[in-house]
Amino acid sequence: CQRASFVGVMKKKALRSRCVLGLFNQSLGRRVTEKLVRNVQAFVDEDIGAVSAARERWVADRTACERARAHYLSQSASRPAAQAQAAKDLAAAKESLEASRARLTLAQIALEGRRRFVLLESTRETARALQKFFDDAGAALRGVDRDLAAMEEYEMASRAQAEMRM
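Presented here is an overview of the structure given in this document. In this convention, every chain numbers its residues from 1, walking through the sequence in written order. Whole-chain, interface and lining totals are the exception, using all residues; otherwise, since this is a predicted model, local features are given only for residues with pLDDT of at least 70 and side-chain atom pairs are given and counted only at 80 or more. Side-chain measures were taken over the full set of non-hydrogen atoms in the model, leaving aside hydrogen atoms and water.

A few points about the overall build of the protein
What counts, and what does not: Note on conventions: DSSP H or I runs of at least 4 residues are helices, E runs of at least 2 residues are strands, and numbering of each starts at the N terminus. Partly exposed residues are those whose accessible area sits between 20% and 50% of the maximum for their type, while under 20% is buried and over 50% is exposed, using a 1.4 Å probe and protein chains only. The contact criterion used is simple: two residues touch if any of their non-hydrogen atoms lie within 4.5 Å.
Along the protein, the regular secondary structure elements total two helices and zero strands. Classification of the 166 residues of the protein by burial places 21% in the buried group. Of the contacts formed within the protein by residues at least 6 apart in sequence, a portion of 84% connects residues at least 24 apart.

What follows is the structure, given as structure tokens:
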């Protein structure tokens, strides 16, 4: 009777240990998702979106500058007022194009720096989460080792008792 209760307790401990290891396995995927995937996804959503918006603005300003240049070149010298207005419009379009080019360049530079930061930070946080995972899993396995050692001791004692009875 005592043997059956001990075996039952040990089976429960073994099942609990398997359950803990299964939870650790799920925990590993969750930790990597939290630390790596979410940071990179936020980078893609926010920072690359900002560069895309700056590029769209630059394309629109380039198109406007090309239209202003075409309008300026189509003006005849016989209408100096229209030609002067077209020259002002062209200068404003060039200035706007240059400003949007500078904003795009700065956005790309910031994107590169942010990309490096996000990847390094994500890698560091993922490595830290993996270290914690393996520490926790090691602690759980040490508990399993104790349970296995107790089972082996019980098995050896039972075998010795059985041999003595023979």
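After presenting the structure, the write-up continues.
Side note on the nonpolar core
This is how the line gets drawn: Residue types Ala, Val, Leu, Ile, Met, Phe, Trp, Tyr and Cys, when buried and joined through side-chain atoms within 4.5 Å, form a set referred to as a nonpolar core.
Counting residues in each nonpolar core, the largest one holds 13 residues, and the members touching the most others are V51, C65 and L104. Per-element tally for this core: the top contributor is helix α2 (residues 80-165), with seven residues. If near-sequence neighbours (up to four positions away) are discounted, C65 is found in contact with L90, A93, K94 and L97.

Observations regarding the side chain of D47
With respect to the element layout, D47 can be found in helix α1 (residues 2-74). D47 sits in the buried class, given a relative accessible area of 17%. Apart from the residues within four sequence positions on either side, D47 is in contact with A42, L111 and R114.

These results come straight from atomic positions and should not be treated as a statement about function.
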